[in-house]
Amino acid sequence: MPELPEVETIVRGLRTRLPHRKVLRTHLRHRSLYRRGSLTLRWLVDRTVGAVDRVGKNAVIRFDPAGLMVVNLGMTGRLVASASTRKPAGNDAKHLHARMLLEGGLELRYYDARRFGRFYVAEKCDFARDLNIGPDPFLAKPQYLTNVLLARKAPIKALLLDQRIISGIGNIYADETLFYAGVDPSTPGRVAGTQARAILSNARSVLRRAIKHGGSTLRDYRRHDGSRGGFQRFHAVYGREGQPCFRCGAIVEKLFIAGRGTHFCRVCQR
Ligand SMILES: [Zn+2]
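Residues numbered from 1 in each chain as written. Predicted model: local features only at pLDDT ≥ 70, side-chain atom pairs only at ≥ 80, totals over all residues.

This part takes up the overall build of the protein. The helix and strand tally for the protein stands at eight helices and ten strands. In the protein, once contacts between residues fewer than 6 apart in sequence are set aside, the share between residues at least 24 apart is 66%. (Helix = DSSP H or I, 4+ residues; strand = E, 2+ residues; numbered from the N terminus. Contact = placed C-beta atoms within 7 Å.)

Encoded structure:
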């Protein structure tokens, strides 16, 4: 599932190709891909792509003179900029659910095998109010996270996954963050809250390193040009159950918290 570093990688790629191009034509295969309250993609025709940004796990494409498209990639979504003459082949053709033809022969394509992704098109958007998402980890204040965590009983792992609290962290980077912060993933929020500063700073450094490596490719995630990310080779705990912790040599364990596979080192995370 694409998390913040993967979406940031995609956004940086799209940013080099999309801006200043006018939207000529759009197509969306299933209306169910729209988030509730969204305008249609067609509303964007004749508008020109402006800034390409990211908020949490969402890619945000802004248009001139007004309007924006927020794309959440769900489990298996991919946003790819292709030459419009290049025909998608095989499975790609089957999973191509949205396309936006731009001036200059470029097409923005959205592939999604499982179709959990969502599009939200609006004239303007208040992310907290309209999309119900919390602050990005790079913008959140430590005091904010401290206060939110201290008020909650749920395990810190589950709280980090809650996009209403902080947006952009998913299963991989929650596990990696808690490893580097030295926090046991089952610690209740009201206890882990005292470690919020360490959790936030380690989240940022893990996310920054992942962005540097183009994100983590486990299954479907690809960069905007179709290439794979490389950060999966550097995971400290995620996907490493049964292998020795690189810091202390103890065996990395896996358990389930809030239904999600959670990887941790019992010695390094207390
Ligand atoms: Zn360890």
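Having seen it, we continue.
Most of helix H6 (residues 171-181) sits out of view: ten of its eleven residues are buried. Along H6, the residues classified as buried are Ile172, Tyr173, Ala174, Asp175, Glu176, Thr177, Leu178, Phe179, Tyr180 and Ala181. After H6 finishes, the residue Gly182 shows a positive phi value of roughly 70°. (Buried ≥ 20, exposed ≤ 12 C-beta atoms within 10 Å, placed from the backbone.)

With glycine set apart, most residues show a phi of negative sign, and most peptide bonds adopt trans. Looking along the chain, the bond that leaves Asp64 and enters Pro65 is cis, with omega of 5°. Within the element layout of this structure, Pro65 appears in the loop between strand S3 (58-64) and strand S4 (68-72). Despite not being glycine, Asp46 shows a phi value in the positive range, around 80°. The phi torsion at Asn132 lies on the positive side, around 60°, for a residue other than glycine. Within the secondary structure, Asn132 is located in the loop between helix H3 (127-130) and helix H4 (142-150).

Strand order in this open sheet of four strands is S1-S6-S7-S5, and the pairing throughout is antiparallel. Of all strands in the sheet, those with a lone pairing partner are strand S1 (23-28) and strand S5 (77-83), marking the two edges. Averaged over neighbouring strand pairs, the angle between their axes works out to 15° when direction is ignored. (Pairing = 2+ DSSP bridges. Axes fitted to C-alpha atoms, helices over the stretch in contact; angles between N-to-C directions.)

In terms of nonpolar packing, the biggest core is built from 69 residues, with Leu18, Leu79, Phe119, Ile169 and Tyr173 touching the most fellow members. Split by domain, the residues of this core number at least three in each of domain 1 (4-130) and domain 2 (142-264). The contact partners of Phe119, leaving out residues within four places of it in the chain, are Leu33, Tyr34, Arg35, Ser38, Leu41, Met69, Val71 and Ala98. (Core = buried A, V, L, I, M, F, W, Y, C linked by C-beta atoms within 7 Å. Domains from an automatic or database assignment.)

Looking now at the domain arrangement of the protein. Many analyses report the size of an interface as the accessible area lost when the parts associate. Split into domains, the protein comes out as domain 1 (4-130) and domain 2 (142-264). Distance between the C-alpha centres of domain 1 and domain 2: 27 Å. Each partner contributes to the interface: domain 1 provides 17 residues, whereas domain 2 provides 21 residues. Secondary structure elements with two or more residues in the side of domain 1 that touches domain 2: helix H1 (4-15) and S5.

Where H6 meets helix H8 (residues 196-212), the axes come as close as 8 Å, and the angle between the chain directions of the two elements is 125°. Comparing the axis directions of H6 and H8 gives the class oblique. Viewed along their axes, H6 and H8 form a crossing whose handedness is right-handed. When H6 is examined against H8, the residues Tyr173, Glu176, Thr177, Tyr180 and Ala181 are found in contact with a partner set consisting of Ala198, Ile199, Asn202, Ala203, Val206, Leu207 and Ala210. Its residues assigned to classes, the contact of H6 with H8 comprises nine nonpolar, two polar and one charged. (Parallel < 35°, antiparallel > 145°, perpendicular 65-115°, else oblique. Left-handed = near helix turned anticlockwise from the far one by under 90°. Nonpolar A, V, L, I, M, F, W, Y, C, P; charged D, E, K, R; others polar.)

A separate point is the pairing of S3. Sheet topology places strand S2 (residues 48-55) next to S3; six bridges connect them, and they run antiparallel. Paired with Asp53 across the bridge in S3 is Val60. Here S2 hands over to S3 after two residues, with Gly56 in that stretch at a positive phi of 60°. Pairing analysis gives five bridges linking S3 to S4, with the strands arranged antiparallel. What sits directly across from Ile61, in S4, is Met69.

Let us look at the sheet that holds strand S8 (residues 118-122). Strand pairs in the sheet, formed through backbone hydrogen bonds, run parallel or antiparallel to each other. If you walk across this open sheet you meet the four strands as S2-S3-S4-S8, and the pairing is antiparallel. Either end of the sheet is taken by a strand with one partner, and the two such strands are S2 and S8. The mean inter-strand angle of the sheet, taken between neighbouring strand axes irrespective of direction, is 20°. Where H1 meets the sheet, its contacts fall on S2 and S3, and the angle it forms with S2 comes to roughly 160°.

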